[in-house]
Amino acid sequence: MKKVLLIIGLIFLITGCTNVNDLTYEEIIQNFGTNSSRTNTYRTGYRYYLPRGMQVNDSTLFNEILEDGKNTYYLYVDAVSYLNQVEYEYEVNQDSLYSTAISNEDKFGYVEINLRENDKYLVEIMYNYAKIEVIVDEASINEALLSAISILKSIVYNNNVITNLLEDNVLNFAEEEFDIFDNVNSDSNSIQVEEDEFNPTEEEIPDIDLLN
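In what follows, the accompanying structure is described. Because the structure is predicted, anything quoted here is derived from the model rather than measured.

With respect to unusual backbone geometry
The backbone of N128 sits at a positive phi, close to 60°, despite the residue not being glycine. Position of N128 among the secondary structure elements: in the loop between β8 (120-127) and β9 (130-137). Positive phi, close to 60°, is recorded for Y129, a residue that is not glycine. Note on placement: Y129 falls in the loop between β8 and β9.

Encoded structure:
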């Protein structure tokens, strides 16, 4: 009887029946500790895994705008800091709804969630020399965390390509440089609450693979 119950339990986990909204922030962030070798999106100097249900709305050299049908995610990849192996220590923000440092082997970063206007929450995650920002309703925080973690932990850099880009002065810093090591303050204009630009016909379901 115990074996039957164990098998049923394993099937329950494998099929991804866990409700994302029932997880705590800590439980979701534990996904940073799992290995990820999947990539399905290829860019100059890096590649990453884009979860099912998400799409790329816009892409430049090291910046991506991603959408999941409800929210817009801003991905910034800091190739310069990666190449120079810049180290950073995050100080927990006691004024945030949630704030914690992340450390997993040789990778580091932080997660910070702050209340903004109109009952919207700014979710910032920096990890593996890349950062994702997204503004969501409170009910969507867990789903946004899970999607962002899946992307950030999957990023794989190409040293040779990035080195060549930097040496050939391909990177153009004429525009304002985005610092992934700084959390967004209240007067930052790097991300703003905007009305949805499209209306999905149905709610997207989070990628069940993220929970495995």
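Some details on the sheet that holds strand β5 (residues 72-77)
Sheet architecture is open: 7 strands sit in the order β3-β4-β5-β9-β8-β7-β6, paired in antiparallel fashion. This sheet does not close on itself; its edge strands, each paired only once, are β3 (55-59) and β6 (98-104). The sheet shows a mean angle of 15° between the axes of neighbouring strands, taken without regard to direction. Taken together, the 5 bridges between β5 and β9 define a ladder with antiparallel strand orientation. From the neighbouring strand, Y76 faces β9, where its bridge partner is K131. Running over the sheet, helix α4 (residues 141-152) touches β4 (63-67), β5, β7 (107-115), β8 and β9 and is turned about 165° from β9.

Focus: the pairing of β7
Walk down a regular strand and you will see the side chains alternate between the two sheet faces. When you tally the buried positions in β7, you get 7 out of 9 residues, the bulk of the element. Two strands pair when backbone bridges link them, and β6 and β7 are joined in this way by 7 bridges, in the antiparallel orientation. Its bridge partner lying in β7, S99 is registered against E112. With antiparallel pairing between neighbouring strands as the criterion, β6 and β7 make up a hairpin whose turn holds 2 residues, including E105 at a positive phi of roughly 55°. Bridge count between β7 and β8: 7 bridges; the pairing is antiparallel. If you follow N114 over to β8, its bridge partner there is L122. Counting the residues between successive antiparallel strands, the hairpin from β7 to β8 contains 4 residues, one of them, N118, with a positive phi of roughly 55°.

Structural notes on the sheet that holds strand β2 (residues 46-48)
Spatially, the 3 strands line up as an open sheet ordered β1-β2-β10, and their pairing is antiparallel. Only two strands of the sheet have a single partner each, and these edge strands are β1 (41-43) and β10 (156-157).

The rules behind the values
Residues numbered from 1 in each chain as written. Predicted model: local features only at pLDDT ≥ 70, side-chain atom pairs only at ≥ 80, totals over all residues. Heavy atoms only, no water. Helix = DSSP H or I, 4+ residues; strand = E, 2+ residues; numbered from the N terminus. Pairing = 2+ DSSP bridges. Axes fitted to C-alpha atoms, helices over the stretch in contact; angles between N-to-C directions. Contact = heavy atoms within 4.5 Å. Buried < 20%, exposed > 50% of the residue type's maximum accessible area, 1.4 Å probe, protein only.

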